[in-house]
Amino acid sequence: MNFIDPATLQLVSRALDAGALRQQAIAQNIANANVAGARAMRVQFEELLGTVQTEVAAGRSFKAEDVPAPLLTTESVDHPIALDEEMAAMSSNSLQYQALLRAVGKQLGILSVAVQEGRR
């Protein structure tokens, strides 16, 4: 018996991976903000969720293998890295990552209570 659907677990895992990778990319962008010719790094994840979003919107389930891995890319346009935009992106990413961790923690807490009460 699975308490957490494997596809949902895969989605959460990949979302956490994307958040961690995005934090690294933003930190790299901040470090290179004053380097001439440096191109900003970006993480694509939400854009790659097309199949998963389609299945969920239609009320159907999706498979774990449908969840894409986050992809690290470099911007193709050569323009200066805006330090203030990168700092705002880092703050936003951090909040999203923390919210996801809290949600996972609450789910695991509920499972823990269920297991402990089941032993009585």
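To be clear, the structure that these remarks concern was listed above.
Residues numbered from 1 in each chain as written. Predicted model: local features only at pLDDT ≥ 70, side-chain atom pairs only at ≥ 80, totals over all residues. Heavy atoms only, no water.

*Asks:* Please explain the overall build of the chain as it appears in this structure.
*Replies:* Check the secondary structure of the chain and you find three helices and two strands. Walking the chain from its N terminus toward its C terminus, one meets helices and strands in the order α-β-α-β-α. On C-alpha atoms alone, the chain measures out to a radius of gyration of 18 Å, which is more than a quarter above the 14 Å that the 2.2 N^0.38 rule sets for 120 residues. With 120 residues in all, the chain has 20% of them scored as buried. Sequence-distant contacts in the chain: of pairs separated by 6 or more residues, those separated by 24 or more amount to 78%. The positive charge centre, built from 10 side chains, and the negative charge centre, built from 13, are 9 Å apart in the chain. (Helix = DSSP H or I, 4+ residues; strand = E, 2+ residues; numbered from the N terminus. Rg over C-alpha atoms; globule rule 2.2 N^0.38 Å. Buried < 20%, exposed > 50% of the residue type's maximum accessible area, 1.4 Å probe, protein only. Contact = heavy atoms within 4.5 Å. Lys, Arg positive; Asp, Glu negative; His and termini not counted. Charge placed at Lys NZ, Arg CZ, Asp CG, Glu CD.)

*Asks:* For this particular structure, what's the right way to read the side chain of N29?
*Replies:* Topologically, N29 is positioned in helix α1 (residues 6-31). Classification of N29 by relative accessible area gives buried; the value is 1%. Looking at N29, its side chain comes within polar contact range of the main-chain nitrogen of M41, at 2.7 Å. (Polar contact = N/O pair within 3.5 Å; in protein donor to acceptor, adjacent residues only side chain to side chain.)

*Asks:* What exactly am I supposed to notice about the layout of surface pockets here?
*Replies:* When its volume is computed, the largest pocket comes out at roughly 160 Å³. Lining of the largest pocket is provided by I4, T8, L9, V12, L100, A103, V104, Q107 and L108. Broken down by secondary-structure element, the contributors of at least two residues to the lining of the largest pocket are α1 and α3 (83-118). No other element matches the five residues that α3 contributes to the lining of the largest pocket. Tallied by class, the residues present in the lining of the largest pocket amount to seven nonpolar, two polar and no charged. (1 Å grid on protein atoms, 1.4 Å probe; cavity = no way out; pocket = protein on both sides within 12 Å on 5 of 7 lines; lining within 4 Å. Points joined across faces, edges and corners; volume = space filled by probe spheres on them. Nonpolar A, V, L, I, M, F, W, Y, C, P; charged D, E, K, R; others polar.)

*Asks:* Honestly, the nonpolar core in this entry has me stumped. Any pointers?
*Replies:* As a rule of thumb, soluble globular proteins bury nonpolar side chains together. In this structure, A7, A18, A25, V43, F45, L49, V52, F62 and V67 together form the largest nonpolar core, which totals nine residues. Ranked by the residues each element gives to this core, the list is headed by α1, at three residues. If near-sequence neighbours (up to four positions away) are discounted, A7 is found in contact with F62, K63, A64 and V67. (Core = buried A, V, L, I, M, F, W, Y, C linked by side-chain atoms within 4.5 Å.)

*Asks:* How should the pattern of salt bridges be read in this particular structure?
*Replies:* Here the idea is simple: oppositely charged side chains can pair when their charged atoms come close. Applying the stated criterion to the full structure yields four salt bridges. Between E75 and R42 there is a salt bridge; the shortest N-O distance is 3.0 Å. Taken together, the positions of E75 in the loop between β2 (71-74) and α3 and R42 in strand β1 (residues 41-44) put the pair 33 residues apart, joining distant regions of the chain. Taking the relative accessible area as the measure of exposure, R42 reaches 30% and is therefore partly exposed. Of the charged contacts, one joins E55 and R60 as a salt bridge, the two residues approaching to 3.0 Å between their closest N and O atoms. Accessibility expressed as a relative area gives 18% for E55, which makes it buried. The exposure class assigned to R60 is partly exposed, which follows from its relative accessible area of 46%. One network of salt bridges, with partners in common, ties together R42, E75 and E86. (Salt bridge = Lys/Arg side-chain N within 4 Å of Asp/Glu carboxyl O.)

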